[in-house]
Structures are given as C-alpha cells and as structure tokens.
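Chain residues, written in single-letter form:
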Amino acid sequence: MSEAMAKRVEEVVIDRWFRNPPEIIAAMGSEPTMGVTRAFVLQWTKFSRLFPRWVGAVMSNCPEFAILAYEVENLMSEVVRDPAGDGSHYELLVRLGRGVGLSAAEIEGYPVLPEASELFEWLWEMARNPDWLMGFTAVNGLEILGDRNLPLRYGVRSGTGLAPEPYARTLGLSEASLEFFEVSEQADEGHGRETVEIIAEHTPAGREEAVLGVLEESMSRLRKMMGAAWKLACEIDAELKTGDRTDGQG
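Described below are features of the structure shown in this document. What you see is a predicted model; the values in this text were computed from it and never measured.

The next thing to look at is the pattern of salt bridges. In the structure shown here, the tally under the stated rule is 12 salt bridges. In this structure, glutamate 209 and arginine 8 form a salt bridge, with 2.7 Å as the shortest nitrogen-oxygen distance. In this pair, glutamate 209 sits in helix α12 (residues 208-249) while arginine 8 sits in helix α1 (residues 3-18), placing the two residues 201 residues apart along the sequence. Accessibility expressed as a relative area gives 33% for arginine 8, which makes it partly exposed. Ionic pairing is found between arginine 19 and aspartate 15, a salt bridge with its closest N-O pair at 2.8 Å.

With respect to the helices, strands and loops of the structure, glutamate 143 is situated in the loop between α8 (132-139) and α9 (149-153). A distance of 3.4 Å separates the side chain of glutamate 143 from the side chain of tyrosine 70, its partner in a polar contact.

Right, let's talk about helix α5 (residues 89-99) for a bit. Every buried residue belonging to α5 is among His89, Tyr90, Leu92, Leu93, Val94, Leu96 and Gly97, and all of these are buried. Of the residues flanking the end of α5, it is glycine 101, one or two places downstream, whose phi is positive at about 90°.

Parameters and conventions
One numbering rule holds for all chains: residues counted from 1, following each sequence as written. Per-residue local features of the predicted model are confined to residues with pLDDT of at least 70, and side-chain atom pairs are confined, for both listing and counting, to 80 or more; whole-chain, interface and lining totals are unaffected and use all residues. Neither water nor hydrogens contribute to the side-chain values; these are computed over all heavy atoms in the structure. Note on definitions: salt bridges are taken to be side-chain nitrogens of Lys or Arg within 4 Å of carboxyl oxygens of Asp or Glu. The helix count covers DSSP runs of H or I at least four residues long, the strand count covers runs of E at least two residues long, and both are numbered beginning at the N terminus. Three labels apply to residues, based on accessible area from a 1.4 Å probe with only protein chains included: buried if under 20% of the type maximum, exposed if over 50%, partly exposed otherwise in between. Pairing of N or O atoms within 3.5 Å defines a polar contact, subject to two protein rules: one partner must be a possible hydrogen donor and the other a possible acceptor, and residues neighboring in sequence count only if both atoms are side-chain atoms.

Structure below.
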C-alpha cells in the first residue's frame, strides 16, 4: 500500500468533510431533534436500499478477489444481517424511524429529495464504470466518513453523527431503536480504514489526482443531499412545534 496516497485520501476527507460537516451531521452528533432524526431516516433508507446494487455493479467490473470478498462481507451487513446486531442496516434504520414516530409505510413511501436523486443517479453511473477503481472510490469512498477514529487522528473534533449517545440523551430513544447507530459505528470504523487502504494500494502512479477528484465529487454530492435533508429536518421540527402549540391551545 502507498502510505503517501493513503494519507492524501484521509486528508481530502478531513478537509472536505470533517473540518466543516454538513449541518445535519453536526446536529446528529450533538443535539439531534425529532426532525433531524426523521429526515435522516426518510432519506438514508433510500441510500441504504440502493447501496447494495451500486456495490454489485462495482463488483461486476472488479477482477480482484480480495476486494470481491470485502464487498461480499459488506453486503452481508447491509442486506442480510450485521454480525453485531439482529438485522440488516436497512431494517435497523426502519426501527430507528419507528422510534421517532414513523411507520414502515411512511418511511418506504416518502419521496426521494431531488438532491438525493441526483447523488443516486451519479453513483449508479460511477458504479457501472468499467474502471472499477473509480466506481469503488465513488461508492465505497463514502464509508470513510463513518470512521470515528479518522478525525481524532487529525485533531478534528467533529464526529461522524453516528454515535448513539446524543439520541439517547436528547430524545430518550431506547437501545433497540438506536441499534442502527451502534452497529454502523462499528462497521464503518473498519470499512472506512479498509477502503482507504484499497484505494491507496490500487491507484496506479500518475492517476492519484483523478482518483482523489472522484472522492471529492462524491463527498460534494453527498453534502448537497445532506443540505436538503437539513432543510427537511427544519421543516419537520417547525411542523411538530406548530402541532404542539395547536394541541396546547385545544
């Protein structure tokens, strides 16, 4: 593995994400509201539904057996069952949604935000790229954002937004409702570092800038999605406050 390239990958993630995280991620890591949690569930379930298909497309172009094994293990957590929990990541997301008052039908029937749709379409395109490294960087590169140890190593305070403690403290959610965050933190901590190593090991000399450019674009597009999710969160919280005042007046 190229240690120099691994460091550059990490620095891009630190500079483009952790030093100034999207507002909804910052809120998730400090004082998540009901609206923040609902908005996250309503949109991240859409991402979770499609992620296995993007990974499958990357695998279809990848000749590296070790990477195929890594992706299969990844898919087991996403689609079948996370070894640290009692369900797939999607199922645990739905359970989190139920904890903040959403039904499975509401979650699955909620429309995809335009900014999320733009990200998903781009990830589909990148995942099908015959150059598997580009697809891997675009899709799996986003898992680096879940590595809670990465910002700590660079002296950055902002977290991943996936720690369960703020939700238990501010919303009083049960352990069962928060299992998505418990298992995601554990899974992404390992996947994030492995992804850095895979990108660094398989980037040929002279292609570093192209690979880093894909990673930057992937994060930029995700940031747009998260910006739209933040707006949705604020709208949900405003509606909830209006409802509370109406109930109180009644």
